[in-house]
Amino acid sequence: MIRVLRRIRWPGWVLIIFIAITFFYISGSMIGANSQAVPTTKKVADHKLKETVLHSKQFLVQKDSEVIKSLDRNKKYIALTFDDGPSSDVTPQVLEALEEYDVKATFFMLGSQAKANPSMARAVAKAGHEIGNHTNSHQNLVKLDTYDIKEEFSESARNIEEASGQYPTMSRPPYGKFDKRVEETATALRNSLILWSVDSMDWKTRNAKMINEEILNSVTPGAIVLMHDIHQETADALPELLSALINEGYQFVTVSEILSLSVNVGTGLYYKVNY
Ligand SMILES: [Zn+2]
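1. Here's the deal with helix H7 (residues 118-126)
The set of residues buried in H7 consists of Met120, Ala121 and Val124. Axial view of H7: buried residues confined to an arc of 100°, hence all on one face. In H7, those exposed residues whose orientation departs by more than 90 degrees from the buried face are Ser119 and Lys126. Where H7 is buried, its residues meet helix H5 (90-100), strand E2 (106-109), helix H6 (111-116), strand E3 (130-133) and helix H8 (146-164). Remark: Gly128 follows H7 within two positions and exhibits a positive phi of approximately 90°.

2. Considerations on the nonpolar core
Counting 55 residues, the largest nonpolar core has Ala79, Val94, Met109 and Val225 as the members making the most contacts within it. For this core, the element with the highest residue contribution is helix H12 (residues 232-247), accounting for six residues. Not counting residues within four places of it along the chain, the set of residues in contact with Val94 comprises Phe82, Asp229, Ala235 and Leu238.

3. Topic: the pairing of E2
Going residue by residue along E2, you find Thr106 and Phe108 tucked away on one face and Phe107 and Met109 tucked away on the opposite face as well. With three bridges joining them, strand E1 (residues 76-83) and E2 adopt parallel strand pairing. If you follow Asp83 over to E2, its bridge partner there is Phe108. Examined bridge by bridge, E2 and E3 share four bridges and lie parallel to one another. Bridging across to E3, Met109 finds its partner in Asn133.

Procedures and definitions
Residues numbered from 1 in each chain as written. Predicted model: local features only at pLDDT ≥ 70, side-chain atom pairs only at ≥ 80, totals over all residues. Buried ≥ 20, exposed ≤ 12 C-beta atoms within 10 Å, placed from the backbone. Helix = DSSP H or I, 4+ residues; strand = E, 2+ residues; numbered from the N terminus. Arc of directions from axis to C-beta. Contact = placed C-beta atoms within 7 Å. Core = buried A, V, L, I, M, F, W, Y, C linked by C-beta atoms within 7 Å. Pairing = 2+ DSSP bridges.

Below, the structure written as structure tokens:
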């Protein structure tokens with residue numbers, strides 16, 4: 001062996017050293033690639049997220065399992081949601097229109113409004129609609145400290161349950177604004193955070209015709225539509241909207257029902273747009 005090494009002249013040594021350096025460089029860069037492991041890490045994170053999503057949804061699936069079993073997954077479903085109520089003047093008109101077309105919807109109530117209009121909160125629950133928590137006093141939760149975020153949710157849940165008899169199983173943060181603390185608070189209450197996929201813009205246009213145009217132009221199967229049962233124009237828009245959506249083949253379900261249907265098509269926990 002030593003003889004062999006002695007026979008190698010200096011250009012040969014240069015070649016051996018060059019090969020050695022190249023070898024270490026290649027193996028070193030491979031170790032580097034493995035230690036970054038970007039795709040693997042991402043996969044693990046996605047997997048964890050999916051488990052959380054399914055866990056939240058399983059809670060919802062149990063709640064309305066009979067209704068969900070009867071739904072045909074190949075049909076078009078839509079969930080109408082009404083925020084900021086209940087109000088003494090507009091909510092009764094909304095309930096009347098929904099009853100006329102045999103539609104079930106979801107009302108994200110403010111705890112303060114439910115306390116102020118308990119008979120309306122009860123009427124919504126009695127009509128078989130779903131009730132969600134839209135916090136107690138409609139503040140931008142991201143700007144509050146953690147204690148106040150908890151208070152906004154829990155006081156509202158208490159007020160809503162006292163007025164309607166229904167404990168809300170889902171929450172919608174005002175303005176769709178949330179951060180990790182808001183998520184954690186909702187999770188601690190066993191609530192899913194629900195946003196929307198179609199904004200009717202009723203709060204902005206305050207015009208029945210424009211509300212319907214906005215919704216009908218952007219609606220897709222599985223949509224969660226944001227409306228407000230505090231504006232007269234929203235109530236005015238409803239009969240025509242419901243009849244147009246029925247003509248288009250949509251069936252109306254609550255938010256928990258539409259989320260449960262979404263489990264199998266891989267939709268995430270949140271529905272959100274322009275946020
Ligand atoms: Zn709101």
